[in-house]
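# Descriptive structure summary
Now for the letters of each chain:
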Amino acid sequence: RKGIYHNVSDWKLFEDNFDRFIYFSRSVVETCLLLGWFPDVIHCNDWQTAIIPAYLRVMYPHKFRRTRTVLTIHNLHGQPNVPLSEFAKTGLPKEALPAFRHKNAINLIKGGMAYANYITTVSPTYANLLLTDKEYTNGLNSVFKENSDKFQGILNGIEPYTWNPACDEFLTHKYSNEGELADFKYNNKVELCGKADFEFTPQKPLIGMIGKIESSKGFDLVVSALPELLSKDIQMVILGKGEGDLHKQIEKIAKQQPDKLKLFSDFDESMAHLIEAGADIFLLPSANEPCGLNLLYSLAYGTLPVVFNSGGYKETAVQFDKKTMSGNSILFDEYSKQGLAKAVDSAIELFSDKATWNQLIQNAFDGDYTWKESADKYDEIYRNIMKEQNA
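To start, this report covers the structure provided alongside it. (Residues numbered from 1 in each chain as written. Predicted model: local features only at pLDDT ≥ 70, side-chain atom pairs only at ≥ 80, totals over all residues. Heavy atoms only, no water.)

This part takes up the state of the cysteines. Inspection of every chain in the model, using the stated rule, returns zero disulfides. Looking at the unpaired Cys32, the closest cysteine sulfur is the one in Cys44, lying at 10 Å. Between Cys291, a cysteine without a disulfide, and Cys44, which holds the nearest cysteine sulfur, the sulfur-to-sulfur distance is 20 Å. (Disulfide = S-S within 2.5 Å.)

Below, the structure written as structure tokens:
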């Protein structure tokens, strides 16, 4: 299959994802057994591999007695809705079912939390949301509270070999020396305009957006605001595919205004890097973003983020203050097309003032968005749970 989670033609989730990922998770365990290799730590991610801690502790407790597990939740949403009758497929004994039962269905993350030695999520703000918001978590907040002594929000970082303007293998024009940020942005904008069939106009702001086209990522907001946004003297590039209706609406508008809006539907890693490097402004309107890696990429590439002030964005996005010339983003608090349009207007106004704009993108560019601090926190977690096993 070309898609990992979705059918790439219609963006629908594969109906057998539960079967596929419990099979994958079981294969991780069986591979360790075949190799006679029992790692110190197995780090599991999201519902797709959340069952691994249960396999280790329930089915092979002696063989994996020295192995510890960490479960990281990148996004609580997106689990398949699986009836309890499917539990036999996991291969776990029926005695393990209560740990996975939530509202008369199988919840793999709940089971993962029960058996993992430690749980993390991708930002402190998102951790607080998971602990406190009953509606957002569909009642799982009480389970997070029960496990709060082994739960922590650690902000994601970006990997500085892949996402680094100085050595980005996907870019023709790399950032070379101190003071050449303007050249880096200029050259990549020229190339991006060429790929999008836009006329290159330095005075015209180019807005980028990358992501799954779905309401949870704020694309419903963008679609409602597009007529107003495109009435301004801007250009806009979107890379993404997703919900049928939203995708079709964007596609239709792009065909009607090809000189202003370009939609790239087939995901292309090199295009994602070029948009981050060549765009002037980047839209991030997710209503509840756990972390927001595209925020970090945009800052690292000197692209101004326009951000809905929510979730993990709050950890990194700082409102630009023209008086002190501090800050790295434009934030908006009203989740509406008016709120988004007003924030974009502010970004366009700043773009027209080159001295201010250059300082703003330099502020963004100068930040450290790597894994350095976060990796130290994970290192501490690994060491602590290893101490527990040796106690």
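After that view of the structure, there is still more to cover.
What follows is about the sheet that holds strand β13 (residues 330-332). In space, the six strands of this open sheet follow the order β10-β9-β8-β11-β12-β13, with parallel pairing throughout. The open sheet has two free edges, formed respectively by β10 (261-264) and β13, since each of these has just one partner strand. Looking at each pair of strands side by side, their axes are set apart by 20 degrees on average, direction ignored. Bridging between strand β9 (residues 235-239) and β10 involves four bridges; their strand directions are parallel. Note on β10: the bridge partner recorded for Met236 is Leu261. (Pairing = 2+ DSSP bridges. Helix = DSSP H or I, 4+ residues; strand = E, 2+ residues; numbered from the N terminus. Axes fitted to C-alpha atoms, helices over the stretch in contact; angles between N-to-C directions.)

This next bit is on the packing of helix α9 (residues 219-229) against helix α13 (residues 337-351). Direction vectors running N to C along α9 and α13 enclose 50 degrees, while the axes themselves pass 9 Å from each other. Regarding the angle of α9 to α13, the classification is oblique. At the point where α9 passes α13, the crossing takes the right-handed sense. Of the residues in α13, those touching α9 at Leu221, Val222, Ser224, Ala225, Glu228 and Leu229 are Lys337, Leu340, Ala341 and Val344. Broken down by class, the residue content of the contact of α9 with α13 amounts to seven nonpolar, one polar and two charged. (Parallel < 35°, antiparallel > 145°, perpendicular 65-115°, else oblique. Left-handed = near helix turned anticlockwise from the far one by under 90°. Contact = heavy atoms within 4.5 Å. Nonpolar A, V, L, I, M, F, W, Y, C, P; charged D, E, K, R; others polar.)

This next bit is on the packing of aromatic side chains. Overall, the coordinates contain 19 aromatic pairs when judged by the stated rule. Look at Phe38 and Phe64: their rings are 5.0 Å apart centre to centre, the planes differ by 80 degrees, and that puts the pair in the edge-to-face class. On the criterion of sequence distance, the pair formed by Phe38 in the loop between α1 (17-35) and β1 (41-45) and Phe64 in the loop between α3 (52-59) and β2 (68-73) is long-range, its members being 26 residues apart. Exposure remark for Phe38: the relative accessible area of 32% places this residue in the partly exposed category. Taken together, a centroid distance of 4.9 Å and an interplanar angle of 65 degrees make the contact between Phe308 and Tyr335 edge-to-face. Highlighted residues: Phe308 in strand β12 (residues 304-308) and Tyr335 in the loop between β13 and α13, separated in sequence by 27 residues. When its relative accessible area of 10% is taken as the criterion, Phe308 is described as buried. Ring pairs connect the aromatic residues Trp163, Tyr175, Phe184, Tyr297, Tyr301 and Phe365, which therefore count as one cluster. Here the basic side chain of Arg26 rests over the ring of Tyr55, its NZ or CZ set 5.5 Å away from the ring centre. (Phe/Tyr/Trp six-rings, centres within 6.5 Å; stacked < 30°, edge-to-face > 60°. Buried < 20%, exposed > 50% of the residue type's maximum accessible area, 1.4 Å probe, protein only. Lys NZ or Arg CZ within 6 Å of the ring centre and 35° of its normal.)

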